[in-house]
Amino acid sequence: MVFHYLQDNQRQETTRDARQLDEALRVVQETAADIRAGEFAAKPGYVCRNCAYEPICPAHEEALSAT
Ligand code: SF4
């Protein structure tokens, strides 16, 4: 497989075995099913520190209203 970085037009080639590809496919299919079902709750955590949506994120509104 190849990652192609658009910002600097670099390529990075790597490999995955069949088990890893099956696991990735399973994660994508489960996530797609959750999205179709409207089940994709926010998972607040460390990553929120750099998120541009934090001021309007429902997960943070709930945390603020609980205090
Ligand atoms: S602030 Fe909300 S949308 Fe942004 S990463 Fe955190 S939980 Fe996700």
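What you see as residue numbers is a count from 1 along each chain, following the sequence as written. The predicted nature of this model means local features are confined to residues of pLDDT at least 70 and side-chain atom pairs, given and counted, to a pLDDT of 80 or more, with totals for whole chains, interfaces and linings taken over all residues. For side-chain calculations, the full set of non-hydrogen atoms in the structure is used, while hydrogens and water are omitted.

Got a minute to help me understand the confidence of the model for the protein chain in this structure?
Detailed reading of the predicted coordinates is not advisable wherever pLDDT falls low. For every residue, the predictor reports its confidence as pLDDT, a number between 0 and 100. Taken residue by residue, the protein chain gives an average pLDDT of 90. The fraction at 70 or more is 91%. Each helix corresponds to a stretch of at least 4 residues labelled H or I by DSSP, and each strand to a stretch of at least 2 residues labelled E; elements are numbered beginning at the N terminus. At the level of individual helices and strands, the protein chain shows its lowest average pLDDT in helix α2 (residues 58-65), which scores 74, and its highest in strand β2 (residues 10-13), which scores 97.

Even after reading the chapter, I still don't get the site of the ligand, so can you show me in this structure?
Whether a residue is near a molecule or strand depends on its heavy atoms: if one lies within 4 Å, it is near. Neighbouring residues of the ligand: A42, P44, V47, C48, C51, E54, C57 and H60. For the shell around the ligand, a count of residues per class yields six nonpolar, one polar and one charged. Residue polarity is assigned by list, with Asp, Glu, Lys and Arg as charged and Ala, Val, Leu, Ile, Met, Phe, Trp, Tyr, Cys and Pro as nonpolar; anything else, Gly included, falls into the polar class.

When you look at the environment of R16 in this model, what are you seeing that I'm missing?
If you trace the backbone, R16 turns up in the loop between β2 and α1 (18-36). Working definition: with a 1.4 Å probe on protein chains only, accessible area under 20% of the residue-type maximum means buried, over 50% means exposed, and in between means partly exposed. Its relative accessible area of 37% is what places R16 among the partly exposed residues. Note: C-alpha distance between R16 and A42 (26 residues apart in sequence) is 29 Å. The residues touching R16, leaving out its near neighbours within four places in the chain, are M1 and L21. Between N or O atoms, a polar contact is any pair within 3.5 Å; within protein, one atom must be a potential hydrogen donor and the other a potential acceptor, and residues adjacent in sequence are included only when both atoms are from side chains. A polar contact is formed between the side chain of R16 and the side chain of T14, at a distance of 3.0 Å. When checking whether two residues touch, look at their non-hydrogen atoms; a contact exists if any pair is within 4.5 Å.

Which parts of the structure should I look at to understand the pattern of salt bridges?
Pairing between side chains of opposite charge can happen when their charged atoms approach one another. Put simply, a salt bridge is a Lys or Arg side-chain nitrogen that is within 4 Å of an Asp or Glu carboxyl oxygen. Applying the stated criterion across every chain, the model contains three salt bridges. Taking the shortest distance from any N to any O, the salt bridge between E13 and R11 comes out at 3.0 Å. Accessibility expressed as a relative area gives 52% for R11, which makes it exposed. It is possible to trace a salt-bridge network through shared partners that takes in E23, R26 and E30.

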